[in-house]
Amino acid sequence: NTHEIDKIIIRSGTDNIILEKLDKEWRLNNAFEVKKDAIGLVLNMMQRMEIAAPLPRDYQHIASRKLVNTGRHVQLFKGNQVIRSFYIVYDTTEIQGTLYMKEGGKKPFFLKLKGYSLSNISLVFSTHIRFWRDHTLFKYHPSEISDIRIEYTDNQSRSFEINTRIKSRPELVQVSTEEKMKDIDYKSITDYLYYFSGFEYHTPDTDSIPETVNSMHFASITITDDSETTVQLKLFRKDRDNHNTDTQGYDLYWCYGKINDDDEFITLKYVDIDPILRELDDFLKK
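**Regarding the side chain of K66**
Part 1 of the reasoning: By secondary structure assignment, the location of K66 is in helix α2 (residues 57-70).
Part 2 of the reasoning: Reaching out from K66, the side chain makes a polar contact with the side chain of T93 at a distance of 2.5 Å.

**Details of the pattern of salt bridges**
Pairing is possible between side chains of opposite charge, provided their charged atoms come close.
Part 1 of the reasoning: By the definition in use, this model includes 15 salt bridges.
Part 2 of the reasoning: One salt bridge connects E4 with K78, and the closest N-O pair in it is separated by 4.0 Å. A residue pair is termed long-range when its members are at least 10 positions apart, and E4 in the segment before β1 (7-12) and K78 in strand β6 (residues 72-78) qualify at 74 residues.
Part 3 of the reasoning: Across the pair E279 and R158 runs a salt bridge whose closest N-O atoms are separated by 3.0 Å. Here E279 is found in the segment after α5 (270-273), whereas its partner R158 is found in the loop between β11 (145-152) and β12 (160-163), with 121 residues between them in sequence.
Part 4 of the reasoning: Each member of the salt-bridge network shares a partner with another, and the members are E25, E33, K36 and K139.

**Regarding a nonpolar patch on the surface**
Part 1 of the reasoning: On the surface, Y116, L118 and L123 cluster together into a nonpolar patch covering about 260 Å² of accessible area.
Part 2 of the reasoning: Locating L123 in the fold gives a position in the loop between β9 (109-113) and α3 (129-132).
Part 3 of the reasoning: Look at L123 and you get partly exposed, because its relative accessible area is 47%.

About the thresholds
- Residues numbered from 1 in each chain as written.
- Predicted model: local features only at pLDDT ≥ 70, side-chain atom pairs only at ≥ 80, totals over all residues.
- Heavy atoms only, no water.
- Helix = DSSP H or I, 4+ residues; strand = E, 2+ residues; numbered from the N terminus.
- Polar contact = N/O pair within 3.5 Å; in protein donor to acceptor, adjacent residues only side chain to side chain.
- Salt bridge = Lys/Arg side-chain N within 4 Å of Asp/Glu carboxyl O.
- Patch = residues over 30% accessible without salt bridge, like charges linked within 9 Å, V, L, I, M, F, W, Y side chains within 5 Å.
- Areas by Shrake-Rupley, 256 points an atom, 1.4 Å probe, with all protein chains shown as cover.
- Buried < 20%, exposed > 50% of the residue type's maximum accessible area, 1.4 Å probe, protein only.

Taken by themselves, the reported measurements are silent on function.
Here you go:
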């Protein structure tokens with residue numbers, strides 16, 4: 001009964017994915033919206049999972065150890081109650097197929113999907129954030145934002161923080177001095193908050209991100225919402241390719257990003273992020 005599931009935890013080694021249904025929307029690690037296609041796929045697949053056959057007796061002990069030590073541990077919740085907990089792994093060393101075992105069990109089984117030919121069923125229980133995360137960045141209504149902090153690595157005097165916990169009287173702070181600004185243009189702050197209502201990011205067209213990218217960090221954007229959940233986006237310049245005739249030493253159309261120090265990079269268009277890369281002076285009365 002997958003309609004009863006409101007939380008899924010998937011663990012593999014040090015990787016940990018938490019999918020939780022909050023107010024009818026699925027959230028990833030309490031920070032990001034989950035792709036509807038991804039959560040729909042895993043719930044649909046679980047309805048079709050069937051035990052195909054027990055493993056040969058002489059391989060059961062080896063397989064059970066493999067499931068616990070290297071498999072993916074999946075827990076399904078209804079409220080605070082664990083309604084199913086199991087291990088799953090795709091085995092190619094001894095007997096090719098997806099192996100399954102209940103947590104606390106000793107007898108592993110072959111698993112199959114009714115109506116599907118997919119042999120590696122463990123793929124749908126991915127521990128990669130990229131598999132689950134919706135590609136909409138900063139999907140906030142202005143009333144949900146408590147704090148915004150923009151920091152520029154090359155010029156801290158341009159960096160600022162906007163505290164909107166008191167909605168009627170937001171504060172503007174210069175990050176380098178921690179000074180609260182006077183003569184604030186409150187309308188410019190109100191208008192600014194609407195730029196965080198959402199735009200899409202992209203995945204890089206290659207997995208081989210240059211090792212030098214970390215040295216090209218140029219800005220950080222940190223947002224705290226009204227539930228005190230914080231999301232940070234670090235921005236990095238992207239080397240221009242050999243066919244680009246721009247005089248700058250970096251790509252003028254695309255940059256890289258990292259969300260909450262994830263290992264994986266995303267790519268963003270400057271035309272999308274430029275409206276939120278404001279400077280301190282933009283919010284002062286002229």
